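Each chain is listed here by its residues.
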Amino acid sequence: MEAVVSPQLQAVGEQPPVPVKNFQNDSTSYAAQLSQPKLAATSNLKNLKHIEVIHGVPTIQFSVEERMQFAKEHQIRTFPWSIGFKTNEETTKAVVWISLPNLPTELFAMKALLSIASAVGKPIAIDKATQTKSRPSTARVKVILDLMDKLPDKIKLQFLDKQTDKMVKIFQEFVYDNLPLYCNHCKHQGHDEKTCLTFE
């Protein structure tokens, strides 16, 4: 499987950069242009959905088209369907970046990276700096892993020197970036049983 290079996207919620305008050739005053974002925010507030109280319960009505638009604006976690799927339980699968600090530079090859990362989960991407080898101190691979698995903190790499018939062994560390917790009690990601609020 060929890994894709992760695009350099904006962070979630980050606004796109505002182009710099030439105020000398613009008839609108500088003060008026500064107030435009505030006016836009005010107009968004005016467009909020109307809340009705029906049988004592505040109610908002959305159309199917609006819900589809909401889905386009926000990230959704996807995962393979299974027979035991339940809507009130989250999957134990997570997409996580793993770092391989001080990885030998000859192992920055695609086959080597994907083979090493497969010890943790299913590799699906490498980052731009790893592909271009512009950050030799660390390689990063994105994998799909199971939070219920016993995740290794290192892997042993063996190299056979055919000339001397000697085996060279090194240990490569795994660093998990923002690895989410999973609660076996409420079946949700983001916390464990010790901090679960559903425990009585």
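Remember, predicted model here, so these are calculated numbers, not experimental data. (Residues numbered from 1 in each chain as written. Predicted model: local features only at pLDDT ≥ 70, side-chain atom pairs only at ≥ 80, totals over all residues. Heavy atoms only, no water.)

Draft legend 1. Up close: the state of the cysteines. All told, the structure shown has 0 disulfides when counted by the stated rule. Free cysteine: Cys183, not disulfide-bonded; nearest cysteine sulfur from Cys196 at 3.7 Å. Take Cys186: it sits in no disulfide, and the sulfur closest to it among the cysteines is that of Cys183, at 3.7 Å. (Disulfide = S-S within 2.5 Å.)

Draft legend 2. Structural view of helix α3 (residues 110–117). Within the sequence span of α3, burial applies to Ala112, Leu113, Leu114, Ile116 and Ala117. Considering only its buried residues, α3 is in contact with β4 (93–101), β5 (122–126), α4 (128–132), β6 (138–146) and β7 (154–161). (Buried < 20%, exposed > 50% of the residue type's maximum accessible area, 1.4 Å probe, protein only. Helix = DSSP H or I, 4+ residues; strand = E, 2+ residues; numbered from the N terminus. Contact = heavy atoms within 4.5 Å.)

Draft legend 3. Main features of the packing of aromatic side chains. The tally for this structure, following the rule as stated, stands at 0 aromatic pairs. Of note, Lys154 hangs over the ring of Phe171, and the distance from its end group to the ring centre comes to 5.1 Å. (Phe/Tyr/Trp six-rings, centres within 6.5 Å; stacked < 30°, edge-to-face > 60°. Lys NZ or Arg CZ within 6 Å of the ring centre and 35° of its normal.)

Draft legend 4. Focus on the pattern of salt bridges. Following the criterion strictly, the structure yields 4 salt bridges and no others. Between Asp127 and Arg140 there is a salt bridge, with its nearest N and O atoms 3.8 Å apart. Taken as a pair, Asp127 in the loop between β5 and α4 and Arg140 in strand β6 lie far apart in primary sequence, 13 residues in all. Judged by relative accessible area, which is 6%, Asp127 ranks as buried. Among the charged side chains, a salt-bridge network with shared partners connects Asp127, Arg135, Arg140 and Asp177. (Salt bridge = Lys/Arg side-chain N within 4 Å of Asp/Glu carboxyl O.)

Draft legend 5. How the structure looks around the environment of Glu193. Here Glu193 lies in the segment after β11 (188–189). Classification of Glu193 by relative accessible area gives partly exposed; the value is 30%. Not counting chain neighbours up to four residues away, the residues in contact with Glu193 comprise Tyr182, Cys183, Asn184, His185 and Phe199.

Draft legend 6. Expanded view of the pairing of β4. Of all 9 residues in β4, 7 are buried; the element is thus mostly enclosed. The pairing of β4 with β6 spans 9 bridges and is classified as antiparallel. Residue pairing in the sheet places Lys93 in a bridge with Asp146 of β6. As judged from the 3 bridges shared by β4 and strand β9 (residues 175–177), these two strands associate in the antiparallel manner. Residue Trp97 lies in a different strand from β9, and its bridge partner there is Asp177. (Pairing = 2+ DSSP bridges.)

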